[in-house]
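A structural walkthrough
One-letter residues, chain by chain:
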Amino acid sequence: MLKEDCASELRVHLAKSLPLPSSVTRPRIDLVVFVINLHSKYSLQNVEESLRHVDASFFLGKVCFLATGAGRDSHCSVHRNTVGKLAHTYRSPLLFCDLEVDTFRASLAQRLVRMLQVCAGHVPGVSALNLLSLLRSSESPPPEEL
Amino acid sequence: MDRYDAPESTPRQSAASGLRDYFIGATPLQKRLESIRKQASVLPTPPRRKILQCSRLQEDVDPQKVAFLLHKQWTLYSLTPLYKFSYTNLKEYSRLLSAFIAAEKQKGLAVEVGDDFSIKVIFSALLGMKGTERDPEALLVQILSKSQLPPQNREGKVLWTGWFCCIFGDSLLETVSEDFTCLPLFLANGAESNTAIIGTWFQKTFDCYFSPLAINAFNLSWMAAMWTACKMDHYVATTEFFWSVPCSPQSLDISYAIHPEDAKALWDSVHKTSGEVTQEEVDLFMDCLYSHFHRHFKIHLSATRLVRVSTSVASAHTDGKIKILCHKYLIGVLAYLTELAIFQIE
């Protein structure tokens, strides 16, 4: 993502889990991306734990879920519907991307930078909430309750 | 939060539609995308599944007749429907396949004097190996070596066995026309070269396609839960799980063995509704095992990949290898595998 051209300064902070230590001052957080590895149930559990530490106001468009590893189905231990339901519960968009493939990574980086620009308020006329309702209305109906 | 759900209808759409059209484009395109997405969201896994003890049809199956299917390691493949296959032509197929195999084996190989190329192929129908009346009969193919010595009626050694079946394959049967025979699950035991030759012949003759059936960790944990749930009179093997830890330079393998009665006790404490198995129960069962292991060894098994599950009912490996140990649950195991095969075909 840092390779993408961006008008203002882009900073990425990586963390294994939340909450982030409060002892450090940091700039305003505009977008939180939760990365779930479909090969590992531990990754899903970690994300579920971390979600509790996110302030509710972030869920108005500033949170996004990213599922990786769907390409190698034989290695998957988490079902797609499980992450789909999680994203639906938190009303946030879900993106699928195989982070191991270069080309997918590049296009995903572009997409995330665009989202980030919207969330930071740098795109006139579109707010994070607008973007969220846009993404939601074009998604398929939620996974059926089985 | 619930406010977002309520206006699924017009008010929200009309407010956003102007913006949407600007960004996404014409509405007909969006409608098309919507219909494609609906088709693509085919549900692969229902969270509830019945455990099959003994279907009525299986009672017709003589345990002696299917005994040769047990205790053997089978490699799994999924097979698309066969075109213009008929159960009445089995002798014809045997003849054609024998000729094909003989030709293949002689092609490109130096002729070894004294080597026995005379083999016999037998096609037969396995009666009773099906879930419902609609399922086609299972088909068995065997390669036997022809005995050179008299008496001629002595049966040769079985070199390779393969069989096709369809257990509760309703979802596939509904979609194909009359000319096709659906036998989506193929199990093979024997030399890989024979499997390849027979696969080629079937593909050429019936315009079908084989592909190896891999079982992912998600399905393996389902199998573990379902098989642990089966009631057994006596246990012939311990319940074992194998995990592969991805790390460099060489992957680490972890194996975890439990006494089968303890596993059953754990399952019983997790299981709520009788006759059905739910996703939550499977997850809880596996989580109990993971947390127990973590408490002792401080290793998060949930971050590793489950590669093999072995119980008294059957044992399965992620590469698509299965060994069935109990004839009582044979149909149940095959039903789940048929479902996986059908999912892979679709």
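Scroll up for the structure.
The sections below set out a description of the structure shown in this document. (Residues numbered from 1 in each chain as written. Chains lettered and ligands numbered in written order. Predicted model: local features only at pLDDT ≥ 70, side-chain atom pairs only at ≥ 80, totals over all residues. Heavy atoms only, no water.)

Moving on: the nonpolar core. Most often, soluble globular proteins have nonpolar side chains that are buried together. All names here are of chain B. Residues Trp163, Phe241, Ile322 and Leu334 are the most contacted members of the largest nonpolar core, which totals 61 residues. Sort the elements by how many residues they give to this core and helix 7 (residues 217-229) lands first, with 10 residues. In this structure, Leu79, Leu82, Leu139 and Phe210 belong to the second largest nonpolar core, which totals 28 residues. (Core = buried A, V, L, I, M, F, W, Y, C linked by side-chain atoms within 4.5 Å. Buried < 20%, exposed > 50% of the residue type's maximum accessible area, 1.4 Å probe, protein only. Helix = DSSP H or I, 4+ residues; strand = E, 2+ residues; numbered from the N terminus.)

A word on the pairing of strand 6 (residues 158-165) of chain B. Two faces, one strand: in a regular strand the side chains alternate between the faces of the sheet. All names here are of chain B. In terms of burial, strand 6 is largely enclosed, as six of its eight residues are buried. Bridging between strand 5 (residues 138-145) and strand 6 involves six bridges; their strand directions are antiparallel. Following the sheet pairing, Leu139 is matched in strand 6 by Phe164. Of the strand pairs in this sheet, strand 6 and strand 8 (residues 185-190) are connected by six bridges, and their pairing is antiparallel. From the neighbouring strand, Trp163 faces strand 8, where its bridge partner is Leu187. (Pairing = 2+ DSSP bridges.)

Residues and elements named next belong to chain A. Spatially, three strands are ordered 1-2-3 in an open sheet, and the strand pairing comes out parallel. With partners counted over all chains shown, the strands left at the sheet margins are strand 1 (32-37) and strand 3 (94-96), one partner each. Each strand of the sheet is rotated relative to its neighbour by a mean of 25°, with strand direction disregarded. Set on the sheet, helix 2 (residues 80-89) makes contact with strand 1, strand 2 (63-68) and strand 3; between it and strand 3 the angle comes to about 150°. (Axes fitted to C-alpha atoms, helices over the stretch in contact; angles between N-to-C directions. Contact = heavy atoms within 4.5 Å.)

Residue and element names in this part refer to chain B. Tallied over the full model, the rule gives zero disulfides over all chains. With no disulfide of its own, Cys165 has Cys166 as its nearest cysteine by sulfur position, at a separation of 7.4 Å. Accessibility expressed as a relative area gives 0% for Cys165, which makes it buried. Unpaired in terms of disulfides, Cys208 finds its nearest cysteine sulfur in Cys182, a separation of 11 Å. (Disulfide = S-S within 2.5 Å.)

Right, let's talk about the environment of A:Val12 for a bit. Looking at where A:Val12 falls in the secondary structure, it is placed in the segment before strand 1. In this structure the C-alpha to C-alpha distance between A:Val12 and A:Leu31, which are 19 residues apart in sequence, comes to 9.7 Å.

Another point: helix 6 (residues 192-206) of chain B. Side chains that are three or four residues apart share a direction in an α-helix, a result of its 3.6 residues per turn. Residues and elements named next belong to chain B. Relative to the 21 Å expected for 15 residues at 1.5 Å per residue, helix 6 spans 21 Å between its end C-alpha atoms, a close match to the ideal helical length. For helix 6, the set of buried residues is Asn194, Thr195, Ile197, Ile198, Gly199, Trp201, Phe202 and Phe206. Phi turns positive one or two residues past the end of helix 6, at Asp207, with a value near 55°. (Expected span 1.5 Å × (residues − 1).)

This paragraph deals with helix 2 of chain A. Residue and element names in this part refer to chain A. For helix 2, the set of buried residues is Val83, Gly84, Leu86 and Ala87. Down the axis of helix 2, the buried side of the element spans an arc of 160°, and every buried residue falls inside it. Along its buried surface, helix 2 packs onto strand 1, helix 1 (41-51), strand 2 and strand 3. Phi turns positive, to about 55°, at Arg91, one or two residues after helix 2. (Arc of directions from axis to C-beta.)

Attention now moves to the side chain of A:Arg91. Mapping A:Arg91 onto the fold places it in the loop between helix 2 and strand 3. Within the structure, the side chain of A:Arg91 is placed 2.9 Å from the backbone oxygen of A:His88, a separation counted as a polar contact. (Polar contact = N/O pair within 3.5 Å; in protein donor to acceptor, adjacent residues only side chain to side chain.)

Residue and element names in this part refer to chain B. Structurally, the position occupied by Ile322 is in strand 15 (residues 321-324). Using a relative accessible area of 1% as the deciding quantity, one classes Ile322 as buried. Residues Ile322 and Leu96, 226 residues apart in the sequence, show an inter-C-alpha distance of 29 Å. Those residues in contact with Ile322 that lie beyond four places of it in its chain are Lys72, Gln73, Trp74, Leu76, Leu187, Trp227, Ser315, Ala316, Val333 and Leu337.

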